[in-house]
Amino acid sequence: MLSLSPDAIAKPGVRPANPCFSSGPCAKRPGWSLDALSGALLGRSHRAPDGRARLNEVITRSRAVLGMPDDWRLGIVPGSDTGAVEMVLWSLIGERPVDVLAFESFSATWADDIMAQLRPPAARVLAADYGSLPDLGQVDWSHDVVLAWNGTTSGVCFPDGSVIPAERDGLVICDATSAAFAMDLPWEKLDIVTWSWQKVLGGEAAHGMLALSPRAVRRLEETPPPRALPKIFRLTSKGKLIEGIFRGDTINTPSMLCVEDALDGLRWAEAIGGLPALIGRSKANLAVVADWVALSDWTAFLARNAAERSSTSICLTIVAPWFRALDAGAQAKAAKRIVALLEAEGVALDIGSYRDAPPGLRLWGGATVETADLRALLPWLDWAEAQVRAEYA
C-alpha cells in the first residue's frame, strides 16, 4: 500500500454551506433564522385560548401535510417519539400475542421493553442484524406487531406496506420518527404511528406525535390497560379516549417556543409543495450519495438491499482493506478519527455511526438538507478517509 503523508493530501475546494448532517436533532429548514420564532407565545399559558390554538394548529397542519385519514386522531405528547411509543406499549401490549421486529437500536429497545419490562403472556422478537430487515414472512399479523418504519441507526427501511395485510386481527404499531414527512406511509396498513418534531422538518426536541386509527381507539376504549399507568402515559379516562389530547390539550406543559418552530417547519413544507416535495428532496439526497458510493473503493451502504435503503438516515460502512485488517477496537477508533477530521474542518458535524451500530458514518438526508451540501461533502469524506488511511499505513 502506498504510504502518503497526511499533509500531502489536498483538501477539496468547496465546502457545504451547512455542515449539519446530524440524524437528530436535524438541520433546520433552508433559510431558517431566529426570526422564525418571533411570534412565539412566550410567557403565556398553553391552556389559554391562543396557546391551545397554536398547539391545535400543529396537529391540523401535520395531518394535512401527511395526508392522514380524516378518521384518525393525532395528538402532541411528552417525551419525543420515545414517549409516544412507550405510551402505546404500556397502554396496549398484553391484550393479544405480540411480534416485535428488531433490526437496529431503537426497535431493539422496544423489544427489550416488551420482553423484559412489560412481559406479555405471548411475545416473539423477530430480529435481524444491522443492514437487513427481519424475515417478514415470519410475522403473524393476527398478533399485535411493533415495528420501526425506518431504522434510524441502520439506514434500513420498509420499502412499502405490501407485506401488511389490509384485513388483520392485530394492531400495527409503527415508530415512524425518521420516516414521517420523508416517506409514504400506508395509513390503511397501520394502526398507530409515532414521530417527533426533531427529524425530517428539523424541529426541536422533547415533543412527540401520536396518531391513532379507529381500530386503535376502539382497543384503547374497550380493553383497559393490563397494568397500572402513570399519569403521563394515560390516554383514556373512565373507558373513553381523552379527546382533549388530540385537540391540543397536552398532558404536561409544552414549550411554546418549540411549538412556534414546529409551525415554521410545517409552513415551509406547505410552501415548497407539501409531502411530494419533501419526499423528492430526501430521495434526491439519497441518489447523490448512491452515485458516489457506486464509485467508491472504501465505503458501502450498511443496508444491503437497495429497495430497503433509507433516504433519511443514510448509513455507510467502511470496506477498505486497510480498515478491515484492523481489530474491532481499532476500527472504531479509525472511524471516529474520520469523523473528527471532518468536524475539525467544519464541513460535517455529528456524522459518526450510532454507538450500537457497526463503525462507520451516518449522513442525514431528510428534507431540510440541501442536496448541494451533500454533494459538496462527499469529496471531503474521500479526503478524510485518505488522511486516516495514510496515518494507519
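Residues numbered from 1 in each chain as written. Predicted model: local features only at pLDDT ≥ 70, side-chain atom pairs only at ≥ 80, totals over all residues. Heavy atoms only, no water.

Participant: Any chance you could break down the nonpolar core for me, citing the residues and the numbers?
Facilitator: Ranked by size, the top nonpolar core spans 96 residues in total, and within it Trp 149, Phe 181, Val 193, Trp 195, Val 289 and Leu 381 carry the most contacts. Top element by residues in this core is helix α9 (residues 371-392). It accounts for 10 residues. Once residues lying within four places of it in the same chain are set aside, the contact partners of Val 289 are Phe 301, Ile 314, Leu 316, Leu 363, Leu 374 and Leu 378. Membership of the second largest hydrophobic core comes to 31 residues, among which are Ala 111, Leu 118, Ile 173 and Leu 212. (Core = buried A, V, L, I, M, F, W, Y, C linked by side-chain atoms within 4.5 Å. Buried < 20%, exposed > 50% of the residue type's maximum accessible area, 1.4 Å probe, protein only. Helix = DSSP H or I, 4+ residues; strand = E, 2+ residues; numbered from the N terminus. Contact = heavy atoms within 4.5 Å.)

Participant: Any details on the side chain of Ser 154? Residues and values, ideally.
Facilitator: Tracing the backbone shows Ser 154 in the loop between β5 (150-151) and β6 (156-157). Accessibility expressed as a relative area gives 1% for Ser 154, which makes it buried. A polar contact is formed between the side chain of Ser 154 and the backbone nitrogen of Val 156, at a distance of 3.4 Å. With sequence-adjacent residues up to four places away left out, Ser 154 is seen in contact with Phe 103, Glu 104, Tyr 130, Gly 131, Leu 302, Ala 303 and Cys 315. (Polar contact = N/O pair within 3.5 Å; in protein donor to acceptor, adjacent residues only side chain to side chain.)

Participant: Could you give me a rundown of the pairing of strand β13 (residues 313-318), with the residues and numbers involved?
Facilitator: Of all 6 residues in β13, 6 are buried, a share of seventy percent or more. Sheet topology note: the strand β12 (residues 299-301)/β13 ladder contains 3 bridges and is antiparallel. Residue pairing across strands places Ala 300 opposite Thr 317, the latter belonging to β13. Pairing of β13 with strand β14 (residues 360-364), which is carried by 5 bridges, proceeds in the antiparallel orientation. Residue pairing across strands places Cys 315 opposite Arg 362, the latter belonging to β14. (Pairing = 2+ DSSP bridges.)

Participant: Which residues make up helix α5 (residues 256-272), and what are the values?
Facilitator: Along an α-helix, a turn takes 3.6 residues, which lines up residues three or four apart on a common side. Its 17 residues give α5 an end-to-end C-alpha distance of 25 Å, which sits within 8% of 24 Å, the value for a rise of 1.5 Å per residue. A large share of α5 lies buried, amounting to 12 of its 17 residues. All buried positions along α5 are accounted for by Met 256, Cys 258, Val 259, Glu 260, Asp 261, Ala 262, Leu 263, Asp 264, Gly 265, Leu 266, Trp 268 and Ala 269. Considering only its buried residues, α5 is in contact with α1 (49-66), β9 (207-212) and α6 (274-295). (Expected span 1.5 Å × (residues − 1).)

Participant: Now, about the side chain of Asp 113: what can you tell me, with residues and values included?
Facilitator: One can find Asp 113 in helix α3 (residues 105-118). Excluding residues that lie within four positions of it along the chain, Asp 113 makes contacts with Glu 86 and Leu 118.

Participant: Kindly report on the packing of helix α2 (residues 80-92) against α3, identifying the contributing residues and their values.
Facilitator: Interhelical geometry of α2 versus α3 gives an angle of 40° and a closest axis separation of 11 Å. Classified by the interaxial angle, the pair formed by α2 and α3 is oblique. Here α2 runs over α3; the crossing is right-handed. Where α2 approaches α3, its residues Asp 81, Thr 82, Val 85, Glu 86, Leu 89 and Trp 90 are matched on the opposing element by Trp 110, Asp 113, Ile 114, Gln 117 and Leu 118. Looking at the contact of α2 with α3 residue by residue, the classes come out as 6 nonpolar, 2 polar and 3 charged. (Axes fitted to C-alpha atoms, helices over the stretch in contact; angles between N-to-C directions. Parallel < 35°, antiparallel > 145°, perpendicular 65-115°, else oblique. Left-handed = near helix turned anticlockwise from the far one by under 90°. Nonpolar A, V, L, I, M, F, W, Y, C, P; charged D, E, K, R; others polar.)

Participant: A description of the environment of Pro 25 should follow, citing residues and the corresponding values.
Facilitator: By secondary structure assignment, the location of Pro 25 is in the segment before α1. Overall, Pro 25 belongs to the partly exposed group, its relative accessible area being 47%.

Participant: Explain the sheet that holds β9 to me, using residue names and the numbers behind them.
Facilitator: Pairing within the open sheet is mixed, and its 7 strands lie in the order β1-β9-β8-β7-β4-β2-β3. The open sheet has two edge strands, β1 (73-78) and β3 (123-127), and neither has a second partner. Pairs of neighbouring strands in the sheet enclose a mean axial angle of 20°, with direction left out of account. As defined by bridge partners, strand β4 (residues 144-148) adjoins strand β7 (residues 172-175) across 4 bridges and the pair is classed as parallel. Within the sheet, the bridge partner assigned to Val 146 lies in β7 and is Ile 173. Across the sheet, helix α4 (residues 214-222) lies against β1, β4, β8 (192-196) and β9, angled at about 95° from β9, the strand it touches most.

Participant: Lay out the state of the cysteines with the relevant residues and their values.
Facilitator: For the coordinates displayed, the defined rule picks out 0 disulfides. Unpaired in terms of disulfides, Cys 20 finds its nearest cysteine sulfur in Cys 26, a separation of 10.0 Å. With no disulfide partner, Cys 174 has as its closest neighbouring cysteine sulfur the one in Cys 157, 11 Å distant. According to the relative accessible area criterion, Cys 174 is buried, its value standing at 1%. (Disulfide = S-S within 2.5 Å.)

Participant: I'd love a proper account of the pairing of β7, names of residues and values included.
Facilitator: For a regular strand, the rule is simple: side chains alternate between the two faces of the sheet. Side chains Val 172 and Cys 174 project from β7 onto one buried face, and the interleaved Ile 173 and Asp 175 project onto a second face that is buried too. In terms of strand pairing, β7 meets β8 through 3 bridges, oriented parallel. By the bridge assignment for β8, Cys 174 is matched with Val 193.

Participant: Mind laying out the packing of α6 against α9, listing which residues take part and the relevant values?
Facilitator: At a closest axis distance of 9 Å, the pairing of α6 and α9 adopts a crossing angle of 25°. The angle between α6 and α9 places the two elements in the roughly parallel class. Crossing handedness for the pair α6 and α9: right-handed. Contact with α6, carried on its side by Arg 281, Ala 284, Asn 285, Val 288, Val 289 and Trp 292, involves Thr 371, Leu 374, Arg 375, Leu 378, Leu 381 and Asp 382 of α9 and no other residues of that element. Residues belonging to the contact of α6 with α9 are distributed by class as follows: 7 nonpolar, 2 polar and 3 charged.

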